[in-house]
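Notes for the structure review
Here's the letter readout for the chains.
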Amino acid sequence: MRRLPFGFCLVAAAALATLPIAGVSAAERVVDVESRPGQPVRILLDVPSRPVGAVVLVAGGHGNLAITPTGQIGWGAGNQVVRSRPMYLRGNIATAVTDIAPDMRIGNGVVNGYRWSDAHVRDLGAVVAYMRQFAQPVVLVGTSRGALSVASAAARLSGPARPDGVVITAGMLMDETPSQPSVQRQVPGIRGATMPFLLIHHTADACAYTPASGPERFRPLLTAARSVDVQMLSGGGPVRGDPCDAAHYHGFVGIDEQVVSGITTWIARLPR
């Protein structure tokens, strides 16, 4: 797959509102990052006073957060990377929860296969480049189906838009079934990604698309990565509902702090 240079667009960002958002830092604000002409990518941005790094948080599921201009989340507030975002601030990590661009939406749904499209990769690259003004390194963090987004970006971005590291939690890594996508099948270019990777998984993940065996089976695909670390977590609960949802072990329910601590500690070891 070809790599996309940073010069694909003029990255412009404008704050639409600086309003408190319930349950989150009062400093969190809504920003639109202009990735492609007429296709702003809306993010929820929070920057501590002395950031030592930044994360771009990519939700799982369909990924259409439908963030409003006042910062309300229409879908996915309970997604693991979304609900745990205030915890990164304790480690002085700036956060950007990223929505999808307008042309990725079809009504309340999404464009099929958008996560490994050139356009979506460019959008994530624009957010990565935008976050560099606050701190470095800038790390992409994707959970579950969000693994396809961050892996696509890792395989194809270059320059300031290229992330300094990639974290995948409970990712749809290996080709477990033809009915669902996987990084293995949809992102063959992942073999050429050179940045460090961190794979975090729960030992009791009961989702058929993200078995606990996934990270070790996926690790050999990262042939060019500078390093590949795997963290297997346990505990948490109580669980409820679908085993592929955020309220189950798949979503690290009850152990969000362990997930975030593992990520922030890993970020602290990255080259600067």
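Only a predicted model underlies this, so the values are computations on that prediction, with no experimental measurement involved. (Residues numbered from 1 in each chain as written. Predicted model: local features only at pLDDT ≥ 70, side-chain atom pairs only at ≥ 80, totals over all residues. Heavy atoms only, no water.)

A few words on the environment of A54. You can see A54 is positioned in strand β4 (residues 53-58). C-alpha of A54 to C-alpha of R132: the two residues are 78 residues apart in sequence and 7.9 Å apart in space. Excluding residues within four positions of it along the chain, A54 makes contact with I93, A94, M131, A135, P137, V138 and V139. (Helix = DSSP H or I, 4+ residues; strand = E, 2+ residues; numbered from the N terminus. Contact = heavy atoms within 4.5 Å.)

What follows concerns unusual backbone geometry. Between Q136 and P137 the backbone carries a cis peptide bond, its omega angle lying at 5°. With respect to the helices and strands, the residue P137 is situated in the loop between α3 (118-131) and β8 (138-143). Cis geometry marks the peptide bond from G237 to P238; its omega dihedral reads 0°. As for its placement among the helices and strands, P238 is situated in the loop between β11 (228-233) and α7 (256-268). With a phi angle near 45°, A170 is a residue other than glycine that sits in the positive phi range. Relative to the helices and strands, A170 resides in the loop between β9 (165-169) and α5 (183-186).

With 13 residues, α7 ought to run about 18 Å at 1.5 Å a step, and its terminal C-alpha atoms sit 18 Å apart, in line with that. When α7 is considered as a whole, its buried residues turn out to be D256, V259, V260, G262, I263, T264, W266 and I267. (Expected span 1.5 Å × (residues − 1). Buried < 20%, exposed > 50% of the residue type's maximum accessible area, 1.4 Å probe, protein only.)

As a further point, take the state of the cysteines. Joining two cysteines, a disulfide is a covalent bond between their sulfur atoms. Within this structure, the stated rule accounts for one disulfide. Disulfide partner of C207: C244, at an S-S distance of 2.1 Å. Its S-S torsion of about 90° marks the bond between C207 and C244 as right-handed, since a negative value means left-handed. Residue C207 is located in the loop between β10 (197-202) and α6 (214-218), and its partner C244 is located in the loop between β11 and α7; the two are separated by 37 residues in the primary sequence. (Disulfide = S-S within 2.5 Å.)

Put simply, α3 and helix α4 (residues 146-156) touch, their axes get as near as 9 Å, and they point 85° apart. Overall, the two elements α3 and α4 adopt an arrangement that is roughly perpendicular. Taken together, the residues of α4 that come into contact with α3 (itself represented by D118, H120, V121 and L124) are S149, V150, S152, A153 and R156. Each residue belonging to the contact of α3 with α4 can be placed in one class, and the counts come to four nonpolar, three polar and two charged. (Axes fitted to C-alpha atoms, helices over the stretch in contact; angles between N-to-C directions. Parallel < 35°, antiparallel > 145°, perpendicular 65-115°, else oblique. Nonpolar A, V, L, I, M, F, W, Y, C, P; charged D, E, K, R; others polar.)

Counted according to the given criterion, the structure contains three cavities of 30 Å³ or more. The space that makes up the largest cavity amounts to roughly 50 Å³. Taken together, V58, A59, G63, T98, D99, I100, Y114, R115, H120 and L124 make up the lining of the largest cavity. Grouping the amino acids of the lining of the largest cavity by side-chain chemistry returns five nonpolar, three polar and two charged. (1 Å grid on protein atoms, 1.4 Å probe; cavity = no way out; pocket = protein on both sides within 12 Å on 5 of 7 lines; lining within 4 Å. Points joined across faces, edges and corners; volume = space filled by probe spheres on them.)

Another point: the environment of V141. Looking at the element boundaries, V141 is found in strand β8. As a C-alpha pair, V141 and A129 span twelve residues in sequence and 15 Å in three-dimensional space. Residue contacts for V141: discarding those within four places in its chain leaves V55, V56, L57, V58, V81, Y88, V150, V167 and I263.

Segments scoring low in pLDDT should not have their predicted coordinates read at a detailed level. Confidence in the prediction for the protein averages 92 pLDDT; 90% of positions are at 70 or higher. pLDDT under 50 marks residues 1-22. Its contacts with residues more than four places away, or in other chains, come to 66 contacts. (pLDDT = per-residue confidence, 0-100.)

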